[in-house]
Amino acid sequence: PVIDLNVTNVNGVQEPSFLGVVLRSHLLVVLKRKISFVKEPGDGVPPLVAFQYDITDFTKPISSKGMRLQDIELTDEELNMYVDLSQFVNTSTHCVADDMSLSKVYNLFRQLGLRHLCVVPKPQEVLGVITRKDLLPHHIEASYPEVKHFSRSGSYGNLSKSPSFGSFSKRKELGASLIV
């Protein structure tokens, strides 16, 4: 899990905030390549650094178990640095509220084929409600005309590439427009 420790809630109190997850295999690649290291926690790497990684670095070799932490050598200076994970965090990961019943959690694992699930505190405010109607192709096309060129098969897999229709968690301003 990736946590931001410096988030101020609506009451002005600083509390940790769940941002998403980074796969262990991806973290190992980032540590091995050493190009996302920063000296201070607030420093970020330039956005184009992500293009210095090769996509094949993030796939496991067919014939072995992949990279191990013991295979990575870090200097004392590098051990005292921070890693900017912002370009590697999956912000759309499945998570459940801390009071969800075990039977519901079990069903999620079975139905979605999950290997892990993050547990987060129950949110204090509702950002919006998404209904099945909101996800029907004609409703999406009426609300977001720029997506009309996508497949009418109902598959909107590339929808997040649209400038005005990003991830719900990333684009909170869409919350009000999704409530029907």
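Refer to the preceding data block for the structure.
What counts, and where the lines are drawn
Residues numbered from 1 in each chain as written. Predicted model: local features only at pLDDT ≥ 70, side-chain atom pairs only at ≥ 80, totals over all residues. Heavy atoms only, no water. Helix = DSSP H or I, 4+ residues; strand = E, 2+ residues; numbered from the N terminus. Buried < 20%, exposed > 50% of the residue type's maximum accessible area, 1.4 Å probe, protein only. Contact = heavy atoms within 4.5 Å. Core = buried A, V, L, I, M, F, W, Y, C linked by side-chain atoms within 4.5 Å. 1 Å grid on protein atoms, 1.4 Å probe; cavity = no way out; pocket = protein on both sides within 12 Å on 5 of 7 lines; lining within 4 Å. Points joined across faces, edges and corners; volume = space filled by probe spheres on them. Nonpolar A, V, L, I, M, F, W, Y, C, P; charged D, E, K, R; others polar. Pairing = 2+ DSSP bridges. Salt bridge = Lys/Arg side-chain N within 4 Å of Asp/Glu carboxyl O. Disulfide = S-S within 2.5 Å. Phe/Tyr/Trp six-rings, centres within 6.5 Å; stacked < 30°, edge-to-face > 60°.

Colleague: Explain the side chain of Thr93 residue by residue, including any values.
Modeller: Relative to the elements of secondary structure, Thr93 occurs in the loop between strand 4 (82-83) and strand 5 (95-97). Given the relative accessible area of 16%, Thr93 is considered buried. The residues touching Thr93, leaving out its near neighbours within four places in the chain, are Phe18, Gly20 and Val21.

Colleague: Pulling in residues and values, what's your account of unusual backbone geometry?
Modeller: Its identity is not glycine, yet Lys34 carries a phi of approximately 65°, on the positive side. Within the secondary structure, Lys34 sits in the loop between helix 1 (24-33) and strand 3 (37-38).

Colleague: Which residues make up the nonpolar core, and what are the values?
Modeller: Counting 12 residues, the largest nonpolar core is built from Val2, Val22, Val29, Val30, Val38, Val45, Val49, Tyr53, Phe58, Leu85, Phe88 and Val89. Non-local contacts of Val89, meaning those with residues more than four positions away in its chain, are made with Val2, Leu19, Gly20, Val21 and Val22.

Colleague: Requested: an account of the layout of surface pockets, with residues and values cited.
Modeller: Counted as a void, the second largest pocket has a volume near 550 Å³. What lines the second largest pocket is a set of 21 residues, among which Arg24, Ser25, Leu28, Lys60 and Lys65 lie closest to the centre. When the residues that make up the lining of the second largest pocket are grouped by side-chain class, the tally is seven nonpolar, six polar and eight charged.

Colleague: So what's going on with the pairing of strand 2 (residues 14-20)? Residues and values would help.
Modeller: As paired strands, strand 1 (residues 2-8) and strand 2 are joined by five bridges and run antiparallel to one another. In the strand pairing of strand 2, Val7 is matched with Glu15.

Colleague: Account for the pattern of salt bridges, with residues named and values stated.
Modeller: Evaluated as defined, the whole model comprises four salt bridges. The shortest N-O distance in the salt bridge between Lys34 and Glu78 comes to 3.2 Å. With Lys34 in the loop between helix 1 and strand 3 and Glu78 in helix 2 (residues 76-79), this residue pair connects regions lying 44 residues apart in the sequence. With a relative accessible area of 17%, Glu78 lands in the buried category. Salt-bridge contacts for Asp71 lead to Arg68; the nearest nitrogen and oxygen are separated by 3.5 Å. Residue Asp71 is classed as partly exposed on the basis of its relative accessible area, which comes to 42%.

Colleague: Account for the environment of Phe109, naming residues and giving values.
Modeller: When you line up the elements, Phe109 lands in helix 3 (residues 102-112). With sequence-adjacent residues up to four places away left out, Phe109 is seen in contact with Leu114, Arg115, His116 and Leu117.

Colleague: So what's going on with the state of the cysteines? Which residues, and what values?
Modeller: For the structure shown, the criterion picks out zero disulfides. For the unlinked cysteine Cys95, the closest cysteine sulfur is that of Cys118, found at 6.8 Å. Cys95 sits in the partly exposed class, given a relative accessible area of 37%. Overall, Cys118 belongs to the buried group, its relative accessible area being 10%.

Colleague: Describe helix 1, and please don't skip the residues or the numbers.
Modeller: Along an α-helix, a turn takes 3.6 residues, which lines up residues three or four apart on a common side. Every buried residue belonging to helix 1 is among Leu28, Val29, Val30 and Leu31, and all of these are buried. Where helix 1 is buried, its residues touch strand 3 and strand 4. At the C-terminal side of helix 1, Lys34 shows a positive phi close to 65°.

Colleague: I'd like to hear about the packing of aromatic side chains, residue by residue, with values.
Modeller: Counted under the stated rule, the structure contains one aromatic pair. Residues Tyr53 and Phe88 carry aromatic rings whose centres are separated by 5.1 Å and whose planes lie at 85° to one another, so their mutual orientation is edge-to-face. One end of the pair, Tyr53, is in the loop between strand 3 and helix 2; the other, Phe88, is in the loop between strand 4 and strand 5, and 35 residues separate them in sequence. Judged on exposure class, the residue Tyr53 and its partner Phe88 are both buried.

In short, shape yes, function no, at least from these values alone.
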